[in-house]
Amino acid sequence: QVQLVESGGGLVQAGGSLRLSCAASGRGFTSYTMGWFRQAPGKEREFVGGISWSGGRTSYADSVKGRFTISRDNAKNTVYLRMNNLKPEDTAVYYCAAKYASDSVLAGAYDMDYWGKGTLVTVSS
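Here's a quick rundown of the structure.

Parameters at a glance
- Positions within a chain are numbered from 1, following the residues in the order the chain's sequence is written.
- Reporting of local features is limited, given that this is a predicted model, to residues whose pLDDT is at least 70; pairs of side-chain atoms are given and counted only at 80 or more, and all residues count toward the totals for whole chains, interfaces and linings.
- Values shown for side chains rest on all heavy atoms present in the structure; no hydrogens or waters enter the calculation.
- Strands here mean DSSP runs of E at least two residues long; helices mean DSSP runs of H or I at least four residues long; both are numbered from the N terminus.
- With a 1.4 Å probe rolled over the protein chains alone, any residue whose accessible area is under 20% of its type maximum counts as buried; one over 50% counts as exposed, and the rest are partly exposed.
- By definition in these notes, contact holds between two residues if any of their heavy atoms fall within 4.5 Å.
- Between the rings of Phe, Tyr and Trp (Trp by its six-membered ring), a pair exists once the centres lie within 6.5 Å; its type follows the angle of the planes, with under 30 degrees stacked, over 60 edge-to-face, and the other angles tilted.
- Charge-over-ring contacts are defined here by two conditions on Lys NZ or Arg CZ: a distance within 6 Å of the ring centre and an angle within 35 degrees of the ring normal.

## Side note on the environment of leucine 81
(1) Moving on: Mapped onto the fold, leucine 81 is located in strand E8 (residues 78–83).
(2) Moving on: Overall, the relative accessible area of 0% leaves leucine 81 in the buried class.
(3) Moving on: Through-space distance from the C-alpha of leucine 81 to that of serine 52 is 14 Å; in sequence the pair is 29 residues apart.
(4) Moving on: With residues near it in sequence (within four places) discarded, leucine 81 still touches Leu18, Arg19, Leu20, Trp36, Val48, Phe68, Thr69, Ile70 and Tyr94.

If you want it as structure tokens, here you go:
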């Protein structure tokens, strides 16, 4: 069992930056590929990006490529989402998620094993 808790959301002006964190508790963090997803009001949840267990491979949605960076610190059981040059359309609840022993999230798959409760990011214009 893995529990995921996101933090770092808030209100930021367009063009600004935020770093989200996702702290994982439970065993075997390095056995999980991690993903970030988001859901804007009135829209379906969408894939933002993913990172392999070692951190050596990442993938991103086209909408955030070049602006967002995912990283992880396995010693701290934490995955990060650095968001630069934020736009109003990035406003959403951001969720981290974990997938055991599979890198399907790197291809944008949604079938994650564990989800956090999300943190709200609001970008004002």
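## Some details on the packing of aromatic side chains
(1) Moving on: Here the structure, examined in full by the defined rule, presents five aromatic pairs.
(2) Moving on: Here arginine 45 stacks its cationic end above the ring of tyrosine 95, 3.9 Å away from the centre of that ring.
(3) Moving on: Note that arginine 45 overlies the ring of tryptophan 115, its terminal NZ or CZ placed 4.7 Å from the centroid.

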